[in-house]
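# Survey of secondary and tertiary structure
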Amino acid sequence: MMNLQEEHKQFKFSTIVIAFPLYFVLTLWVIYWIEINYDLYFNKYGIYPRTMLGLRGIILSPFIHSGIKHLFNNSIPLFILLTSLFYFYRKIAFKVLIYGVLLSGLLTWVIAREANHIGASGIVYLLFSFILFSGIIRKYNRLIAVSLIVIFLYGSMIWYILPVKEEISWEGHLSGFIVGILFSFIYRNYGPQPIKYHWEEEEYEDELKIDDYETREEELLEK
């Protein structure tokens, strides 16, 4: 049975896994409601490439959306992928999220067309790519299963890292996707790892070799 301290840790972990993704998505909706209700225009705070003022969009752009459809399309995958990130990678989740947003935003700022690039879709592609390739690299069955689910649900997103629609910031999608792959390699030794059985370890192989050598030596002595 778990003691009180372990139960508290488990409750705290469960709360973060659900609460943070929920609050994050709700924040996006509240910001959009404020923009519409008070007739404001937040699009100008997006990432505007290769200008000093446009750098502010690296932090602000994920919270800005062009319309209700844009926001809705980002909300569901963002909640699911954030929940997966915090469940499987709780020790590095904030690092992946914060550093990923900064790096993918900076890459968008460098390579994108001259326009205000807004929306949380860069984070969606960051998490999609990170979770997908982390599961493949680690060869961990549970993560591979999650990766396959991600592919099944959002595999069609891969097309939007290409310039298929002029009004879509494919540069932001591509930047998030690239950074996700990069982070899956950088953090490959962090988070859940595949179970390594005793017979898979090098020490076990050495033990077998020693046992085999001793057995042969005994046979030779008997002869």
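Residues numbered from 1 in each chain as written. Predicted model: local features only at pLDDT ≥ 70, side-chain atom pairs only at ≥ 80, totals over all residues. Heavy atoms only, no water.

### Overview of the layout of surface pockets
Over the atoms a probe the size of a water molecule is rolled, and this reveals where empty space is left. Put simply, the largest pocket is a space of about 820 Å³. What lines the largest pocket is a set of 28 residues, among which His70, Asn73, Ser121, Ile168 and His173 lie closest to the centre. When residues of the lining of the largest pocket are traced back to their parent elements, those giving at least two are helix 3 (68–88), helix 5 (121–138) and helix 6 (141–154). (1 Å grid on protein atoms, 1.4 Å probe; cavity = no way out; pocket = protein on both sides within 12 Å on 5 of 7 lines; lining within 4 Å. Points joined across faces, edges and corners; volume = space filled by probe spheres on them. Helix = DSSP H or I, 4+ residues; strand = E, 2+ residues; numbered from the N terminus.)

### Regarding a nonpolar patch on the surface
Residues Ile16, Ile59, Leu60, Phe94, Ile98, Tyr99 and Leu102 make up a contiguous nonpolar surface patch of about 630 Å² in total accessible area. Contributing elements (two or more residues each) for the nonpolar patch: helix 2 (57–60) and helix 4 (93–111). In terms of residue count, helix 4 provides more of the nonpolar patch than any other element does, four residues in total. (Patch = residues over 30% accessible without salt bridge, like charges linked within 9 Å, V, L, I, M, F, W, Y side chains within 5 Å. Areas by Shrake-Rupley, 256 points an atom, 1.4 Å probe, with all protein chains shown as cover. Salt bridge = Lys/Arg side-chain N within 4 Å of Asp/Glu carboxyl O.)

### So, the side chain of asparagine 43
Position of asparagine 43 among the secondary structure elements: in the loop between helix 1 (4–37) and helix 2. When near neighbours in sequence (up to four residues on either side) are disregarded, asparagine 43 contacts Glu35, Ile64, His65, Asn116 and Ile118. (Contact = heavy atoms within 4.5 Å.)

### Focus: the packing of aromatic side chains
Given two aromatic rings, one states the distance between the centres and the angle between the planes to describe the pair. Inspection of every chain in the model, using the stated rule, returns 13 aromatic pairs. Measuring from ring centre to ring centre gives 6.0 Å for phenylalanine 20 and phenylalanine 24, while their planes differ by 35 degrees; the resulting arrangement is tilted. Taken together, the residues span about one helical turn, with phenylalanine 20 and phenylalanine 24 both in helix 1 at a distance of four residues. Ring-pair connections join several aromatic residues into one group, and the members of that group are Phe20, Phe24, Phe63, Phe86 and Phe94. (Phe/Tyr/Trp six-rings, centres within 6.5 Å; stacked < 30°, edge-to-face > 60°.)

### A closer look at helix 6
End to end, helix 6 covers 20 Å across 14 residues, agreeing with the expected 20 Å (1.5 Å per residue, within 8%). Of the residues making up helix 6, those classed as buried are Leu143, Val146, Ser147, Val150 and Tyr154. For helix 6, the arc enclosing every buried residue in end-on projection is 100 degrees, short of the 170-degree limit, so these residues lie on one face. Along helix 6, exposed side chains directed more than 90 degrees from the buried face belong to Asn141, Leu148 and Phe152. Against helix 3 and helix 5 lie the buried residues of helix 6. (Expected span 1.5 Å × (residues − 1). Buried < 20%, exposed > 50% of the residue type's maximum accessible area, 1.4 Å probe, protein only. Arc of directions from axis to C-beta.)

### Section: the packing of helix 3 against helix 5
With their axes 9 Å apart at the nearest point, helix 3 and helix 5 run at an angle of 40 degrees to one another. It follows that helix 3 is oblique to helix 5 by the angle criterion. Crossing of helix 3 against helix 5: the hand is left-handed. Between helix 3 and helix 5, the residues in contact are Asn74, Pro77, Leu78, Leu81, Leu82, Ser84 and Leu85 and Ser121, Ile123, Val124, Leu127, Phe128, Phe130 and Ile131, respectively. Here the residues of the contact of helix 3 with helix 5 are counted per class, giving eleven nonpolar, three polar and no charged. (Axes fitted to C-alpha atoms, helices over the stretch in contact; angles between N-to-C directions. Parallel < 35°, antiparallel > 145°, perpendicular 65-115°, else oblique. Left-handed = near helix turned anticlockwise from the far one by under 90°. Nonpolar A, V, L, I, M, F, W, Y, C, P; charged D, E, K, R; others polar.)

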